[in-house]
Amino acid sequence: MCKLSEERPDSPLAKPWPDPAVIDRVLFSRVEIAAACQRLAGQINALYAGVTEGTFTVVGLLTGCFMFYSDLVRNLTVPHTADFIACSSYGLDTVSAGNVQIKKDTNTSLAGKHVLLVDEMCDSGQTMASLVQLMRDRGALSVRSCVMFDKPARRASDLSPDLVGLVCPDEF
């Protein structure tokens, strides 16, 4: 039987967020993140302005992207299909091991479609580079990558995301 700690708050909002005991400083405000998301959606709308129904799929990399992904696609005005893929290259570590394993594949074929891969962050770039190549190998018409946060100081691949919301310092 699991016993709850006496220090556990009654609700998640019992303490101010962010909790200063956990977070040293905030790198980007909610306003900055929302503005970056809207800017990215505008860029995507311009890049894919000519697509027709069923020819453009936005693929989110689970699970980290789900909040950014939902905000992003809510701001898209071009016709698109939503899909997801789950993969791992970290194992139990915080640094990518470089070997990407698909945990959940997309639900539909992406052959002959424009594909936009969406993730919350690109650090080593190994996962995104592997997925870009996988989508090309599967016959995607075009493949682009979009991330909210880019951490180029950690790059271990030649990939640079096509669309970047905010550049992140190498601080965490």
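Asks: Please explain the nonpolar core as it appears in this structure.
Replies: Generally speaking, a soluble globular protein has its nonpolar side chains buried in company with each other. Counting 26 residues, the largest nonpolar core has Ile 44, Leu 72, Leu 116 and Cys 146 as the members making the most contacts within it. Counting only elements with at least two residues in this core, the list comes to helix 1 (30–47), strand 1 (56–62), helix 2 (66–74), strand 4 (114–122), strand 5 (142–150) and strand 6 (163–167). Among the elements that make up this core, the one with the highest residue count is helix 1 (five residues). Those residues in contact with Leu 72 that sit more than four places away from it in its chain are Cys 37, Leu 40, Ala 41, Ile 44, Val 118 and Cys 146.

Asks: Explain the packing of aromatic side chains here, please?
Replies: Applying the stated criterion across every chain, the model contains three aromatic pairs. Centre to centre, the rings of Tyr 48 and Phe 56 are 4.0 Å apart; their planes meet at 15°, and the pair counts as stacked. For Tyr 48, a relative accessible area of 2% puts it in the buried group. Note on Phe 56: relative accessible area 0%, which makes it buried. Taken together, a centroid distance of 4.7 Å and an interplanar angle of 50° make the contact between Tyr 69 and Phe 84 tilted. Of this pair, Tyr 69 sits in helix 2 while Phe 84 sits in strand 2 (residues 81–88), and the two are 15 residues apart along the sequence. On the accessibility criterion, Tyr 69 (4% relative accessible area) is buried. Look at Phe 84 and you get partly exposed, because its relative accessible area is 26%.

Asks: Can you help me understand the pattern of salt bridges in this one?
Replies: Between side chains of opposite charge, pairing is possible as soon as their charged atoms come close. Counting across every chain of the model gives four salt bridges. Notably, a salt bridge pairs Arg 155 with Asp 150, separated by 2.4 Å at the nearest N-O pair.

Asks: What am I meant to see in the side chain of Lys 113 here?
Replies: Within the secondary structure layout, Lys 113 lies in the loop between strand 3 (101–104) and strand 4. Nearest to the buried, unbridged Lys 113 among oppositely charged side chains is Asp 83, at 7.2 Å. For Lys 113, the side chain forms a polar contact with the main-chain oxygen of Ser 109, separated by 3.4 Å.

Asks: What exactly am I supposed to notice about the confidence of the model for the protein here?
Replies: When pLDDT drops low, the exact placement of atoms in the prediction is not to be read closely. Per-residue confidence for the protein averages 86 on the pLDDT scale, and 83% of its residues sit at or above 70. Considering only residues more than four positions removed or in separate chains, one finds that residues 1–6, a stretch of pLDDT under 50, has zero contacts.

Asks: Would you mind showing me how to read the packing of helix 1 against helix 2 here?
Replies: To describe two helices that pack against each other, one gives the angle between their axes and the distance between the axes. Taken N-terminus to C-terminus, the directions of helix 1 and helix 2 make an angle of 55°; their axes are 9 Å apart at the nearest point. In terms of orientation, helix 1 lies oblique with respect to helix 2. The handedness of the crossing between helix 1 and helix 2 comes out as right-handed. Contacts between helix 1 and helix 2 involve Cys 37, Leu 40, Ala 41 and Ile 44 from the former and Phe 68, Asp 71 and Leu 72 from the latter. Of the residues assigned to the contact of helix 1 with helix 2, the class counts are six nonpolar, no polar and one charged.

Basis of the calculations
Residues numbered from 1 in each chain as written. Predicted model: local features only at pLDDT ≥ 70, side-chain atom pairs only at ≥ 80, totals over all residues. Heavy atoms only, no water. Core = buried A, V, L, I, M, F, W, Y, C linked by side-chain atoms within 4.5 Å. Buried < 20%, exposed > 50% of the residue type's maximum accessible area, 1.4 Å probe, protein only. Helix = DSSP H or I, 4+ residues; strand = E, 2+ residues; numbered from the N terminus. Contact = heavy atoms within 4.5 Å. Phe/Tyr/Trp six-rings, centres within 6.5 Å; stacked < 30°, edge-to-face > 60°. Salt bridge = Lys/Arg side-chain N within 4 Å of Asp/Glu carboxyl O. Lys, Arg positive; Asp, Glu negative; His and termini not counted. Polar contact = N/O pair within 3.5 Å; in protein donor to acceptor, adjacent residues only side chain to side chain. pLDDT = per-residue confidence, 0-100. Axes fitted to C-alpha atoms, helices over the stretch in contact; angles between N-to-C directions. Parallel < 35°, antiparallel > 145°, perpendicular 65-115°, else oblique. Left-handed = near helix turned anticlockwise from the far one by under 90°. Nonpolar A, V, L, I, M, F, W, Y, C, P; charged D, E, K, R; others polar.

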